[in-house]
Amino acid sequence: MKSFGSKPWVLPQPVLIIGTYDKEGKANAMNAAWGGQWDMHEIMISLGSHQTTDNLSVNSEFTVAFATTETLVAADYVGIVSGRNTPDKMERTGWTIEKAPNVNAPLFRELPMTLECKVKEKIDESETGYYLVAEIVNILCDEKYLAEDGQPDVERMNIITYDPVHHTYIQLGKTVGKAFSDGKQLK
């Protein structure tokens, strides 16, 4: 096996779109890959210093949505352009912005599934960023992405992941097994 040393290569990495409002109520979004489920009702995201962290210092509520193949260009854009320097950043995405129903944060209609969140804790906070632990208040899913059982159908969403090795985006594929079930064959 070839050795690469220590790198941020945990796979897959989600392409998370974090939505916040600034102190004037203007919507902002950023792309973050270093995040995931922290507990049953919590997520954790590693954040550098951004307009998003500025916004979270005045309003601890935000949304987290999952980027898709269809939203890839705008999702990448909100990750490479700062709301601190580009006042029309959100207009350039073409996304439809609404207020989320359960938190004081923006909802982006083009993104199929959104977590409504509240900050619980900021770990190792400094001027360069922090680790954000947040409570998931509610999950919203566009009804066109629901399966026959009424639950979100991840395959229909065309969610993308970030490949940190080659700096590309990869669309999630098909279902290949049943969790908490297929392994029973070896019992």
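As the structure is a computational prediction, the values presented were derived from the model and not from experiment.

I would appreciate a short explanation of helix α1 (residues 51–58) in the present structure.
Restricting attention to buried positions, one finds in α1 the residues Q51, T52, T53, N55 and L56. Against β2 (16–21), β3 (27–32), β5 (42–48), β6 (61–66), β9 (113–126) and β10 (129–141) lie the buried residues of α1.

Teacher, can you tell me more about the sheet that holds β10 here?
Sheets are built from strands that pair by backbone hydrogen bonding, the pairs being arranged parallel or antiparallel. Spatially, β3-β2-β6-β9-β10-β5-β4 is the arrangement adopted by the seven strands of the open sheet, whose pairing is antiparallel. Edge positions in the sheet fall to β3 and β4 (35–39), since each has one partner strand and no second. Geometrically, the sheet is characterised by an average inter-axis angle of 35 degrees between neighbouring strands, direction not taken into account. Pairing between β5 and β10: seven bridges, direction antiparallel.

Can you help me understand the packing of aromatic side chains in this one?
Centre-to-centre distance and the angle between the planes together describe a pair of aromatic rings. What the rule picks out here adds up to three aromatic pairs. Between the aromatic rings of W95 and F108, the centroid separation amounts to 5.3 Å while the plane-to-plane angle is 45 degrees, which identifies the pairing as tilted. Here W95 is found in the loop between α3 (89–93) and β7 (97–99), whereas its partner F108 is found in strand β8 (residues 106–108), with 13 residues between them in sequence. Accessibility classification places W95 together with F108 in one group, the buried group. Ring centres of Y162 and Y169 lie 6.3 Å apart, and the angle between their planes is 55 degrees; this geometry places the pair in the tilted category.

Looking at this structure, how should I read the nonpolar core?
Note that soluble globular proteins tend to have their nonpolar side chains buried in a common cluster. The biggest cluster of nonpolar side chains holds 22 residues, and the ones touching the most others in it are I18, I43, I45, L47, F62, V64 and C117. Within the residue set of this core, elements represented by two or more residues are β2, β3, β5, β6, β9 and β10. The contact partners of I18, leaving out residues within four places of it in the chain, are N28, A29, M30, A32, I45, L47, T52, F62, T63 and V64. Membership of the second largest hydrophobic core comes to 17 residues, among which are I17, A67, F108 and L111.

What's the story with the side chain of T86 in this structure? I'm lost.
Tracing the chain through its elements places T86 in the loop between α2 (72–80) and α3. Dropping the residues within four chain positions of it, T86 is found in contact with Y77, V81 and R92.

Please clarify how the environment of V64 should be interpreted in this entry.
Secondary-structure assignment places V64 in strand β6. The spacing of V64 and H41 is 23 residues in sequence and 13 Å in space, taken between C-alpha atoms. The residues contacting V64, other than those within four sequence positions of it, are L16, I17, I18, I43, I45, M113, T114, L115 and C117.

What should I look at first to understand the environment of Q151 in this one?
Here Q151 lies in the loop between β10 and α4 (154–157). A relative accessible area of 48% places Q151 in the partly exposed class. C-alpha separation for the pair Q151 and C141, spaced ten residues apart in sequence, amounts to 8.8 Å. Sequence-distant contacts of Q151, that is, excluding residues within four places in its chain, are made with Y145 and L146.

Before we go on, may I ask you to explain the side chain of K89 in this structure?
One can find K89 in helix α3. Buried and unpaired, K89 has D88 as its nearest opposite-charge partner, separated by 10 Å. A distance of 2.7 Å separates the side chain of K89 from the backbone oxygen of A29, its partner in a polar contact. Those residues in contact with K89 that lie beyond four places of it in its chain are N28, A29, M30, Y77, V78, V81, S82 and G83.

I'm lost on the pattern of salt bridges in this one. Help?
Note that side chains of opposite charge can pair when their charged atoms are close. Using the criterion set out here, one finds seven salt bridges in the structure. The shortest N-O distance in the salt bridge between K118 and E61 comes to 3.7 Å. Of the two residues, K118 sits in strand β9 while E61 sits in strand β6, which places them 57 residues apart along the sequence. Assessed through its relative accessible area of 32%, K118 is described here as partly exposed.

Calculation criteria
- Residues numbered from 1 in each chain as written.
- Predicted model: local features only at pLDDT ≥ 70, side-chain atom pairs only at ≥ 80, totals over all residues.
- Heavy atoms only, no water.
- Buried < 20%, exposed > 50% of the residue type's maximum accessible area, 1.4 Å probe, protein only.
- Helix = DSSP H or I, 4+ residues; strand = E, 2+ residues; numbered from the N terminus.
- Contact = heavy atoms within 4.5 Å.
- Pairing = 2+ DSSP bridges.
- Axes fitted to C-alpha atoms, helices over the stretch in contact; angles between N-to-C directions.
- Phe/Tyr/Trp six-rings, centres within 6.5 Å; stacked < 30°, edge-to-face > 60°.
- Core = buried A, V, L, I, M, F, W, Y, C linked by side-chain atoms within 4.5 Å.
- Lys, Arg positive; Asp, Glu negative; His and termini not counted.
- Salt bridge = Lys/Arg side-chain N within 4 Å of Asp/Glu carboxyl O.
- Polar contact = N/O pair within 3.5 Å; in protein donor to acceptor, adjacent residues only side chain to side chain.

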